[in-house]
Amino acid sequence: MWFKVSKDQDNRFPAQYILSDTHWLNADEGWQEIHTPYGFAYIKGYCFERGINHVLAEELFENPVPRYTGSFVAVLAYKDGSIVITNDTSRATPLYRDDTDQAVGNLCMNKYENIWSDAYVEIANGIHEHRFAAVPTVGTPRSFDSVVDEIHNLLCAKFNWLAMNHDIVRVFYSGGIDTLTCISYLRALHVPFELITAEHFDLDHFTVTNDSEIRSYWGYTQIHHYRKPTVFVTGACGDEYFLRGPATANIMLMHLGKSMSQVLKPDHYHYLYFQGIEKSRLYEKQKNDTEILAAIEHKHSTHNHILRMCINDHQHWHLGNTITFTPFKEIELLRLTLELDEQNILSAIVDASIQRALINKNEPALLNFLAKNKNQDRSGIMRLSDYLNS
């Protein structure tokens, strides 16, 4: 869902929609135009609770505060000429504002400022950000089994929705634990899918015209694109929302009075991933960051800091007719992970214990195809392909 709401048509986008006397929606392919009594809605993505339909559009017109889960953006053109840009509760895409040009979007912007994920936007005599409670409150520590069971139920609901709503589902196994977890749910819930064993990227006018800007986002240097409508399942945000990203993992360790060198062991999944010159520089920088040092003084502020970092971490958000299904981009998953006790938080950080437990619930044999160390071995790709086709 690449777009720009601006005063002019922008031919770098394949679709243009009139929103008001002053503004246009310039967008990539795949948006749905929905006529309601309140005005026109332009929506792209998916919503678990409502689907992309008249019911969702009218409810968003009546109350645009983000409250539904999924991965969508809605541009609402009210009859009075005002425009609202809203989304699901864990917005997948970054969003920017250009007050000089009166523009809001995520591509082909000139001068811009970030719009953080705890705000939706209104354009009416200027650009206005409306804040909402995007970050949940973390509860008291719970048992590992309790947390895993609740995460399992959330993911089952997502993949059951996928089974009922889409025909062409593809997944590329990178050798890592997040895509392997996705595959375990696809198989356990009997979702028909195609395992892709080669990288695939269809070129079209939009991707060619905007290639350098699209690929300036690291998540789009390693993505598949199909011109025909396709759902592409990715493990995006798995590291971050299960507390396995180097930055947030180290912040949690700092709060606990520990360091990576103290907790990492050679047999851990993240043993190599959490080491090296680049990671050492990150950890050293964090040790001198006054904002982080203030946050780690207390558990609540540590949780809040990590939650805010992750909800503003944007990785995959649909490209043309390729819908990226990102089940781990869900702030509730991070809240549940943060409710683990100290021992289990450490095992989640260093050895992906939550994903291992989820795969064990679905199909334990799949763990035989997991690389020993994250991002170090892709030999399991073809072995998994042979296993799935046997």
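Within every chain, residues take consecutive numbers counted from 1 along the sequence as written. For this predicted model, a pLDDT threshold of at least 70 governs which residues receive local features, and a threshold of 80 or more governs which side-chain atom pairs are given and counted, while totals over whole chains, interfaces and linings are taken from all residues. Hydrogens and water are ignored here; the side-chain numbers use all heavy atoms of the structure.

Caption draft 1: Summary view of unusual backbone geometry. With a phi close to 75°, His-318 is a non-glycine residue in the positive phi region. Note on placement: His-318 falls in the loop between α11 (299-311) and β16 (322-325). Looking at His-318, the relative accessible area reads 0%, which means it is buried. Backbone geometry at Ala-352 places phi at a positive 55°, although glycine is not the residue there. A run of H or I in DSSP counts as a helix once it spans at least four residues, and a run of E counts as a strand once it spans at least two, with each numbered from the N terminus. With respect to the helices, strands and loops of the structure, Ala-352 is situated in the loop between α13 (342-351) and α14 (353-362). The cut-offs for exposure are 20% and 50% of the maximum accessible area for each residue type, with area from a 1.4 Å probe on protein chains only; residues under the lower value are buried, those over the upper are exposed, and the others partly exposed. On the basis of relative accessible area, Ala-352 is assigned to the buried category, the value being 0%.

Caption draft 2: Seen up close, the sheet that holds strand β11 (residues 119-123). The strand order β4-β5-β6-β7-β11-β12 describes an open sheet built from 6 strands, whose pairing is antiparallel. The sheet is open, and its two borders are formed by β4 (32-36) and β12 (127-131), each paired with just one other strand. In this sheet, neighbouring strand axes are inclined to one another by 20° on average, regardless of whether the strands run parallel or antiparallel. Strand direction decides the pairing type here: β4 and strand β5 (residues 39-47), joined by 5 bridges, are antiparallel. A pair of strands is labelled paired if DSSP reports no fewer than 2 bridges between them. Every axis in this analysis is a line fitted to C-alpha atoms, fitted for helices over the stretch in contact. Angles between the N-to-C directions lie between 0 and 180 degrees.

Caption draft 3: Focus on the environment of Tyr-220. You can see Tyr-220 is positioned in the loop between α5 (211-214) and β15 (230-233). A residue is classified by how much of its surface remains accessible, and Tyr-220, at 1% relative accessible area, is buried. Along the sequence, Tyr-220 and His-316 sit 96 residues apart, while their C-alpha atoms lie 7.3 Å from each other. Any two residues whose heavy atoms approach within 4.5 Å are treated as being in contact. The contact partners of Tyr-220, leaving out residues within four places of it in the chain, are Trp-2, Ile-214, Arg-215, Gln-315, His-316, Trp-317, His-318 and Leu-319.

Caption draft 4: Structural view of the pattern of salt bridges. By definition, a salt bridge exists where a carboxyl oxygen of Asp or Glu is found within 4 Å of a side-chain nitrogen of Lys or Arg. In this structure the tally under the stated criterion is 25 salt bridges. The salt bridge involving Asp-149 is made with Lys-361; its shortest N-O contact spans 2.8 Å. In this pair, Asp-149 is assigned in helix α2 (residues 144-165) and Lys-361 in helix α14, connecting sequence segments 212 residues apart. Relative accessible area serves as the criterion here: at 40%, Lys-361 is assigned to the partly exposed category. One salt bridge in this structure joins Lys-287 and Glu-284, with 3.4 Å as the shortest N-O distance. On the criterion of helical spacing, the pair formed by Lys-287 and Glu-284 is a turn pair, its members being 3 residues apart in helix α9 (residues 277-287).

Caption draft 5: Summary view of the packing of helix α7 (residues 246-255) against α11. Relative orientation of the contacting elements α7 and α11 amounts to 175°, with a least axis distance of 10 Å. Between α7 and α11, the interaxial angle falls into the category roughly antiparallel. Contacts from Ala-247, Thr-248, Ile-251, Met-252 and His-255 in α7 reach Lys-299, Thr-302, His-303, His-305, Ile-306, Met-309 and Cys-310 in α11. Three classes are used, and their members are as follows: Ala, Val, Leu, Ile, Met, Phe, Trp, Tyr, Cys and Pro are nonpolar, Asp, Glu, Lys and Arg are charged, and the others, Gly among them, are polar. Across the contact of α7 with α11, the residue classes break down as 6 nonpolar, 5 polar and 1 charged. Note that the term roughly parallel is reserved for angles under 35 degrees, roughly antiparallel for angles over 145, roughly perpendicular for angles of 65 to 115, and oblique for everything else.

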